[in-house]
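# Working through the structure, step by step
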Amino acid sequence: MSQFWSPVVHSLTPYVPGEQPQLDNLIKLNTNEHPWGPSPKALQAIHDAANDNLRLYPDPNADALKQVLAAHHGVQPSEVFVGNGSDEVLAHAFMALLNHPGGLWFPDISYSFYPVYCQLYGITPRTVPLRDDFSIGADDYLPNGSDRAGAIIFPNPNAPTGRPLPLSEVERIVSGNPQAVVLIDEAYVDFGAESAVKRIAQYPNLLVAHTFSKSRSLAGLRVGYAIGQAPLIEALERVKNSFNSYPLDRLALAGAIASVQDQAYFEEGCAKVIAARETLITELKALGFNVLPSAANFIFVQHPAHAGAELTAKLRERAIIVRHFKQERIRNFMRITVGTPAQCQALVQALKQIL
Ligand code: PMP
């Protein structure tokens, strides 16, 4: 606290990311990173880009990356926005598109950065409770007389539950709110949910955010993007160009482009995570855990006889880190990132001992 702080700084409750402990032999299953490394072609491209050209600024418009992403998703480059991680893309979207009378509607159990951006940008949040089974109820987002959303955001699959929402339900929300931008945060979509990108041409109010941090195993590179019709993208560009001309550096651009071009490696990596997830779910169910259906690279689990905080602490004593949330509705759960089969086995063995 200081007399020099501006009023808004006093009012902020900043987001707290999962820890990144610098310890050896730790099994780190707390921040939903990919357990296998990035494409060797991406690493090579980053290596090759580390040259004398680093004295020059990167392309402020990231045109080459937008082109490969547009081709990959079957859209126009003018329908792609890129940023320094999808968090930055989301932040710009909050400022550019999600601040309208009616407030921003999102699930009560969801990505905990959303309320933080609301505070930062003075957006009125409206939390919509998940159903009892922790699913998103599309009907809960539809206008009810004059009570209608100013904008809507939710992750699909949702985080931290992992539950996917079928595309038909996503579409009911988008088509039922033509007055509002609906932002689908698809950070985890490649692990088994259906993407709304294929509906971009149909809905001028649909924006979809993706990241290289999860399915492309490049969390350390900080690349994210959004896809939507050109007027929405233009709004994001206006904010970005009023904030930072060069959010993506030369190494990030080179690595991201090479990653998109290595489709085979990407698909293989997703398939390995999905297989490891299904094995882990089976084993945890055998230990008595309730496991929510997951289409993500993490699972959300709860044991009838043991509190989430207790299990999290005991795993930590055994050098295994998972994520626990204090929010009332989910305090008995743990969110576990899917690791390699060896890491998952170590987790299962540790839980057997603890239980
Ligand atoms: N959306 C969701 C739902 C997430 O869980 C995360 C990761 N914390 C992000 C967006 C942001 O990811 P990144 O900034 O690494 O792209």
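Residues numbered from 1 in each chain as written. Predicted model: local features only at pLDDT ≥ 70, side-chain atom pairs only at ≥ 80, totals over all residues. Heavy atoms only, no water.

### Remarks on the domain arrangement of the chain
Definition in use: Note: domain ranges come from an automatic or database domain assignment. Note on definitions: a residue-residue contact is assigned when non-hydrogen atoms from the two residues lie within 4.5 Å. Accessible area, probed at 1.4 Å, shrinks when two parts are joined; the buried area is that loss added up over both. Every case where a carboxyl oxygen of Asp or Glu lies within 4 Å of a side-chain nitrogen of Lys or Arg is listed as a salt bridge. Pairs of N or O atoms within 3.5 Å make up the polar contacts considered here, provided that, within protein, one atom can donate a hydrogen while the other can accept it, and that residues adjacent in sequence are counted only when both atoms are side-chain atoms. The numbering of helices and of strands both runs from the N terminus, where a helix is a DSSP run of H or I of at least 4 residues and a strand a run of E of at least 2.
Under the domain assignment used here, the chain contains domain 1 (7–37 + 264–354) and domain 2 (40–262). The gap between the C-alpha centroids of domain 1 and domain 2 is 24 Å. Listed by partner, the interface residues are 33 residues for domain 1 and 34 residues for domain 2. Both sides together, the interface formed by domain 1 and domain 2 hides about 2800 Å², and carbon and sulfur atoms give 62% of it. For the domain 1 face of the interface with domain 2, the top three residues by lost area are Tyr15, Phe266 and Arg329, together amounting to 27%. Here domain 1 is connected to domain 2 by 1 salt bridge. Asp108 is the partner of Arg329 in a salt bridge, and the nearest nitrogen-oxygen pair spans 2.9 Å. Our count for the contact surface shared by domain 1 and domain 2 stands at 14 residue pairs in polar contact (both at pLDDT 80 or more). Put simply, the parts of the chain that give the side of domain 1 that touches domain 2 at least two residues each are α1 (7–11), α9 (263–286), β10 (298–302) and β12 (333–337). No other element matches α9, which puts 7 residues into the side of domain 1 that touches domain 2.

### With respect to the environment of Phe134
Here Phe134 is to be found in the loop between β4 (125–128) and β5 (151–155). Between the alpha carbons of Phe134 and Thr161 there is a distance of 7.3 Å; along the sequence they are 27 residues apart. Apart from residues no more than four positions distant in its own chain, Phe134 is found in contact with Thr161, Arg163, Leu292, Arg329, Ile330 and Phe333.

### A short note on unusual backbone geometry
Here the bond from Asn156 into Pro157 is cis, since omega is -5°, no more than 30 degrees from zero. Examined against the element boundaries, Pro157 turns out to sit in the loop between β5 and α6 (167–175). In the Ramachandran plot, Ala62 falls in the positive-phi region, its phi being about 50° despite a non-glycine side chain. Along the chain, Ala62 falls in the loop between α2 (40–49) and α3 (63–73). Unlike most non-glycine residues, Ser217 shows phi in positive territory, near 55°. As for its placement among the helices and strands, Ser217 is situated in the loop between β7 (206–211) and β8 (224–228).

### Here we look at the pairing of β4
The condition that has to hold: Strands pair, by our definition, only if DSSP identifies at least two bridges between them. Call a crossover right-handed when, viewed with both strands pointing away from you, the route from the first strand across the helix to the second goes clockwise.
As paired strands, strand β3 (residues 104–107) and β4 are joined by 4 bridges and run parallel to one another. Of the residues in β4, the one forming a bridge with Pro107 is Val128. Handedness of the crossover is the feature at issue here: the chain leaves β3, passes through helix α5 (residues 113–121), returns alongside β4, and the resulting connection is right-handed.

### Re the packing of aromatic side chains
What counts is decided by this rule: The rule is short: rings of Phe, Tyr and Trp, with Trp giving its six-membered ring, pair when the centres are within 6.5 Å, and they are stacked under 30 degrees, edge-to-face over 60, tilted in between. Relative accessibility decides the category of a residue: with a 1.4 Å probe and only protein chains considered, values under 20% of the type maximum give buried, values over 50% give exposed, and everything between is partly exposed. The criterion for a charge sitting over a ring is simple: Lys NZ or Arg CZ within 6 Å of the ring centre, and within 35 degrees of the ring normal.
For the coordinates displayed, the defined rule picks out 14 aromatic pairs. Taking the centre distance of 5.1 Å and the plane angle of 55° together, the rings of Phe94 and Tyr117 count as tilted. Of this pair, Phe94 sits in helix α4 (residues 85–97) while Tyr117 sits in helix α5, placing them 23 residues apart in sequence. An identical accessibility class is assigned to Phe94 and Tyr117; each is buried. Centroid distance Phe134 to Phe333: 5.4 Å. Interplanar angle 70°. Geometry classified as edge-to-face. Pair noted here: Phe134 is in the loop between β4 and β5 and Phe333 is in strand β12, with a separation of 199 residues, a long-range link. The buried category is assigned to Phe333, whose relative accessible area is 7%. Site record: aromatic cluster; members linked through ring pairs are Tyr15, Phe94, Phe106, Tyr111, Phe113, Tyr114 and Tyr117. The positively charged end of Arg126 is found above the aromatic ring belonging to Trp105, 4.2 Å away from the centroid. Directly above the aromatic system of Phe298 lies the positively charged group of Arg335, at a separation of 5.7 Å from the ring centroid.

### A closer look at a nonpolar patch on the surface
This is how it is decided: Only residues above 30% relative accessible area that lack a salt bridge enter a patch, with like-charged residues linked at up to 9 Å and the nonpolar side chains Val, Leu, Ile, Met, Phe, Trp and Tyr linked at up to 5 Å. Computed with a 1.4 Å probe, the accessible areas rest on the Shrake-Rupley method; for each residue, only the protein chains presented here act as cover.
Taken together, the side chains of Met1, Phe4, Trp5, Val8 and Val9 make up a nonpolar region of the molecular surface, amounting to roughly 580 Å² of accessible area. The class of Val8 is partly exposed, set by a relative accessible area of 36%.

### Quick word on the nonpolar core
For soluble globular proteins, the rule of thumb is that nonpolar side chains tend to be buried together. Stated formally: Residue types Ala, Val, Leu, Ile, Met, Phe, Trp, Tyr and Cys, when buried and joined through side-chain atoms within 4.5 Å, form a set referred to as a nonpolar core.
Among the nonpolar cores identified, the biggest contains 50 residues, and Leu65, Phe154, Ile173 and Phe212 are the most heavily contacted of them. Every element with two or more residues in this core is listed here: α3, β2 (80–83), β5, α6, β6 (181–185), β7, β8 and α8 (250–261). Ignoring any residue separated from it by four or fewer positions in sequence, one finds Phe154 in contact with Pro107, Tyr114, Ile136, Leu165, Val170, Ile173, Val182, Leu183, Ile184 and Asp185. Judged by nonpolar contacts, the second largest core, of 33 residues, contains Val273, Leu280, Leu284 and Ala350.

### Observations concerning the packing of helix α10 (residues 308–317) against helix α11 (residues 341–354)
In plain terms, the rule: Orientation is described by axes fitted as lines to C-alpha atoms, over the contacting stretch for helices, and by angles from 0 to 180 degrees between their N-to-C directions. Here a crossing is taken to be left-handed if its near helix is turned anticlockwise relative to the far helix by less than a right angle, and right-handed if that turn runs clockwise. Nonpolar residues are Ala, Val, Leu, Ile, Met, Phe, Trp, Tyr, Cys and Pro. Charged residues are Asp, Glu, Lys and Arg, and all others, Gly as well, are polar.
Two elements in contact, α10 and α11, have axes whose closest approach is 10 Å; the angle formed by their N-to-C orientations is 115°. In this structure, α10 crosses over α11, and the sense of that crossing is right-handed. Residues Leu311, Lys314 and Leu315 of α10 pack against Leu347, Ala350, Leu351 and Ile354 of α11. Its residues placed into classes, the contact of α10 with α11 shows 6 nonpolar, no polar and 1 charged.

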